[in-house]
Amino acid sequence: DQQVKQNSPSLSVQEGRISILNCDYTNSMFDYFLWYKKYPAEGPTFLISISSIKDKNEDGRFTVFLNKSAKHLSLHIVPSQPGDSAVYFCAASARNTPLVFGKGTRLSVIA
Amino acid sequence: DTGVSQNPRHKITKRGQNVTFRCDPISEHNRLYWYRQTLGQGPEFLTYFQNEAQLEKSRLLSDRFSAERPKGSFSTLEIQRTEQGDSAMYLCASSLAWGEETQYFGPGTRLLVL
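Overview of the structure. (Residues numbered from 1 in each chain as written. Chains lettered and ligands numbered in written order. Predicted model: local features only at pLDDT ≥ 70, side-chain atom pairs only at ≥ 80, totals over all residues. Heavy atoms only, no water.)

1. Topic: the pairing of strand β4 (residues 32–38) of chain A
Residue and element names in this part refer to chain A. Within β4, seven of the seven residues are buried, leaving the element largely enclosed by the surrounding structure. Burial along β4 is two-sided: the face carrying Tyr32, Leu34, Tyr36 and Lys38 and the face carrying Phe33, Trp35 and Lys37 are both buried. Bridge count for β4 against strand β5 (residues 45–51) is six bridges, and the pairing is antiparallel. Directly across from Lys37, in β5, lies its bridge partner Thr45. In this structure, the hairpin formed by β4 and β5 is closed by a connection of six residues, where Ala41 is found at a positive phi of approximately 60°. Pairing between β4 and strand β9 (residues 86–93): seven bridges, direction antiparallel. Looking at the pairing, Trp35 lines up with Cys90 of β9. (Buried < 20%, exposed > 50% of the residue type's maximum accessible area, 1.4 Å probe, protein only. Helix = DSSP H or I, 4+ residues; strand = E, 2+ residues; numbered from the N terminus. Pairing = 2+ DSSP bridges.)

Below, the structure is given as structure tokens:
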């Protein structure tokens, strides 16, 4: 039973446009959510996080939105750049427990 | 840069051999995690330590796997009698135990069992 789901395996976006990556979760105990970016043969790199007490967190071009009632979060990247092309993982945890990851979405930003 | 480091980065071994991986966490982090990632999947939790205490093990961690963190600093993950199904990327992450819960990952060790 997947507790964190990323239903889009891949996404293509033109350079300069907005990229929206989605993530759904089932465990209502999750209270901390993170997005990681991963290049091939490297470890995941932390991008941005959000606590369940917030509904939005912004860091430069990256914004994460959390909708607790829908158990849904999304990552917005504006504007998208070719260097953003990577696999993006959504992860969640419940009060200092190990992270549960989705399967990832491969983002391709086309110049 | 004092991020998480892992050694070796790559390991090729024959089925039945033992392998050991090392992880050095960010120095002030007292929590250390091991994950495994296979193709097309997200990282899956294996085990974690708070200081030198191993607090949780996943059911993915068979009895051929053992992890240690003897002085609460670096950690080792050993796989005995490797099988082809053990081929994966083994990832280490660290975090503070209180306050910020963000886990920072190392570059991983890619294991190939022939």
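2. Points about the side chain of Thr105(A)
Residue and element names in this part refer to chain A. Residue placement: Thr105 occurs in strand β11 (residues 105–110). Among the polar contacts listed, one links the side chain of Thr105 to the backbone oxygen of Ser8, at a separation of 2.6 Å. The contact partners of Thr105, leaving out residues within four places of it in the chain, are Gln6, Ser8, Pro9, Ser10, Leu11, Leu21, Ala86, Val87 and Tyr88. (Polar contact = N/O pair within 3.5 Å; in protein donor to acceptor, adjacent residues only side chain to side chain. Contact = heavy atoms within 4.5 Å.)

3. Let's talk about the state of the cysteines
As enumerated under the stated definition, the model contains two disulfides over all chains in all. The disulfide partner of Cys23(A) is Cys90(A), and the gap between their sulfur atoms is 2.0 Å. Handedness here is read from the sign of the S-S torsion; for Cys23(A) and Cys90(A), about -70°, the answer is left-handed. Taken together, the residues span a long stretch of sequence, with Cys23(A) in strand β3 (residues 19–25) and Cys90(A) in strand β9 at a distance of 67 residues. A residue is classified by how much of its surface remains accessible, and Cys23(A), at 1% relative accessible area, is buried. Residue classification places Cys90(A) among the buried positions, given a relative accessible area of 1%. Note on cysteine connectivity: Cys23(B) is disulfide-linked to Cys92(B), with sulfurs 1.8 Å apart. Here the S-S torsion is close to -65°, and the disulfide linking Cys23(B) with Cys92(B) is therefore left-handed. Separated by 69 residues along the polypeptide, Cys23(B) in strand β3 (residues 19–24) and Cys92(B) in strand β9 (residues 88–95) bring together distant segments of the chain. No difference in accessibility class separates Cys23(B) from Cys92(B), as the two residues are buried. (Disulfide = S-S within 2.5 Å.)

4. Regarding the interface of chain A and chain B
Contacts between the two partners involve 20 residues from chain A, matched on the other side by 22 residues from chain B. Roughly 1,700 Å² is buried in total at the junction of chain A and chain B, and carbon and sulfur atoms are behind 54% of that figure. Seen at the junction of chain A and chain B, the total is zero salt bridges. Counting across the chain A and chain B interface gives five residue pairs in polar contact (both at pLDDT 80 or more). (Buried area = accessible area lost by both parts, 1.4 Å probe. Salt bridge = Lys/Arg side-chain N within 4 Å of Asp/Glu carboxyl O.)

5. Thoughts on the sheet that holds strand β8 (residues 75–79) of chain B
Residue and element names in this part refer to chain B. Spatial strand order, β1-β3-β8-β7: four strands in an open sheet with antiparallel pairing. Across the chains shown, the open sheet's two edge strands, defined by having one partner strand only, are β1 (5–7) and β7 (65–68). Taken pair by pair, the neighbouring strands of this sheet meet at an average axis angle of 15°, ignoring direction. Of the pairings in the sheet, the one linking β1 to β3 comprises three bridges and is antiparallel in character. (Axes fitted to C-alpha atoms, helices over the stretch in contact; angles between N-to-C directions.)

6. So, the sheet that holds strand β6 (residues 56–59) of chain A
All names here are of chain A. Strand order in this open sheet of five strands is β1-β3-β8-β7-β6, and the pairing throughout is antiparallel. Since the sheet does not close on itself, it has two edges, and those belong to β1 (4–5) and β6, each with one partner. Where strand β7 (residues 62–67) meets strand β8 (residues 72–77), six bridges bridge the pair, whose relative direction is antiparallel. Paired with Thr63 across the bridge in β8 is His76.

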